[in-house]
Amino acid sequence: MNYQPSVQETFSLIKELVSIPSPSGNTSKVISYVEKFLQENGVVTKRNRKGGLIATVKGTNEKEHRMLTAHVDTLGAMVKEIKSNGRLKLTMIGGFRWNSVEGEYCEIETSSGKIFSGTILMHQTSVHVYKNAGDAPRNDENIEVRIDEKVSSREQVKELGIEVGDFVSFDPRVQITDSGYIKSRHLDDKASVAILLNMIKHIQTEKITLPYTTHFLISNNEEIGYGGNSNITPDTVEYLAVDMGALGDGQSSDEYTVSICVKDSSGPYHYGLRKHLVELAQKNEIGYKVDIYPFYGSDASAAIRSGHDIIHGLIGPGIESSHAFERTHESSILNTQKLIYHYLLSEMVDY
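So, how was this worked out
- Here the residue numbers are simple positions, counted from 1 along each chain's written sequence.
- In keeping with the model being predicted, local features are shown solely for residues with a pLDDT of at least 70 and side-chain atom pairs are shown and tallied solely at 80 or more, while totals for entire chains, interfaces and linings include all residues.
- Hydrogen atoms and water are omitted, and side-chain values are computed over all heavy atoms in the structure.
- In DSSP terms, a helix is any run of H or I states spanning at least four residues, a strand is any run of E spanning at least two, and both are numbered starting from the N terminus.
- To estimate the expected span of a helix, count its residues, drop one, and scale the result by 1.5 Å.
- For every residue, the accessible area (1.4 Å probe, protein chains only) is compared with the maximum for its type, and the residue is labelled buried under 20%, exposed over 50%, or partly exposed between those bounds.
- Contact definition: two residues touch when any of their heavy atoms are within 4.5 Å.
- The rule for a salt bridge is simple: a side-chain nitrogen of Lys or Arg has to be within 4 Å of a carboxyl oxygen of Asp or Glu.

> Which residues make up helix H5 (residues 271-283), and what values go with them?
Its 13 residues give H5 an end-to-end C-alpha distance of 18 Å, which sits within 8% of 18 Å, the value for a rise of 1.5 Å per residue. Listed in full, the buried residues belonging to H5 are Leu-273, His-276, Leu-277, Val-278, Leu-280 and Ala-281. Of the surrounding elements, those touching the buried residues of H5 are strand E13 (236-242), strand E15 (258-264), strand E17 (288-292), strand E18 (311-319) and helix H7 (330-344). Looking at the residues trailing H5, positive phi occurs at Glu-285, about 55°.

> How would you explain the side chain of Thr-214 if you had to name every residue and give the values?
Topologically, Thr-214 is positioned in strand E12 (residues 210-219). The contact partners of Thr-214, leaving out residues within four places of it in the chain, are Ala-55, Thr-56, Val-57, Arg-66, Leu-68 and Leu-344.

> Mind laying out the pattern of salt bridges, listing which residues take part and the relevant values?
A full pass over the atoms with the stated rule returns 14 salt bridges. Between Glu-81 and Lys-89 there is a salt bridge, with its nearest N and O atoms 3.5 Å apart. Classification of Glu-81 by relative accessible area gives partly exposed; the value is 30%. Here the salt bridges share partners, and the residues they tie into one network are Glu-81, Lys-89 and Glu-141.

> Describe unusual backbone geometry, and please don't skip the residues or the numbers.
Cis geometry is adopted by the peptide bond preceding Asp-189, which originates at Asp-188 and carries an omega value of 10°. As for its placement among the helices and strands, Asp-189 is situated in helix H4 (residues 187-205). At Arg-173, a position not held by glycine, the phi torsion is positive, near 55°. The topology assignment puts Arg-173 in the loop between strand E9 (167-170) and strand E10 (175-176). Accessibility expressed as a relative area gives 46% for Arg-173, which makes it partly exposed. For His-186, which is not glycine, the phi torsion reads 70° and is therefore positive. Structurally, the position occupied by His-186 is in the loop between strand E11 (181-183) and H4.

Here you go:
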């Protein structure tokens, strides 16, 4: 079948998703957005107790199920301490490095829902004052948030309503270029979420009957390691995580193809499903790369570790500078969309 999805629609949806703050542990706003999108497209959804969202599309075979997952939670931080000078000390949420957010604009959300803006800075930022501004360690002690309010003491900050444990989210700075790139924080993994949402919309709009009942789990704790290892039905045979392909030295993935992961830090993915995905890509002239991610884990690997008897796989668009200054190209989004489409209409692998 000739499937030509609109990448611009997916880009628009990515832009909306990354603009909704959702660090792991504080994802209700973005889950509500996704829930509304799916319900408007006639899809039955339910929330799990962890706050994730499951959408189900019935297929011809209701005895053997598939599940696809992507996650809406992102990297972020929490207020660890209110310093005596009115600055905030942070603790990380997720695996990133402080140098990747130094100078970034941010938002602090209080438990009452108030939002304050700020900037993540080194304490020793001013080169006119600090001789070691350039080489001071970028660590928990030196990184702080300068709040955009008239505060210079711990007491003044607390009067604003800011407390230890308040969530801090990073400005995504999303841009779409004329050359076909989208660059933004949190493409991991909101690019994949947008792909799945537009795929579901296409299935509903075109009244496509899937060969198997398929669940779409929008998980909300992947960045801290336990997003997709529950709510897998006993009938689920194949579980496909849709998450970013990691780029860098020694990697075969790029920003222009769909990345098919064969192994990450959890070990190899299911060999039969991997071969099936490669065959689908070759048959349908989909640009792909097979790759190994050395420091990586997915919702699929979390599900395997938790003891689920499933066939697990991992694919996704190639994301440059993951967990930092992320970027991908429309062709990578397109190839990922096409592979998922053909996978959803294919027969299951013989396990």
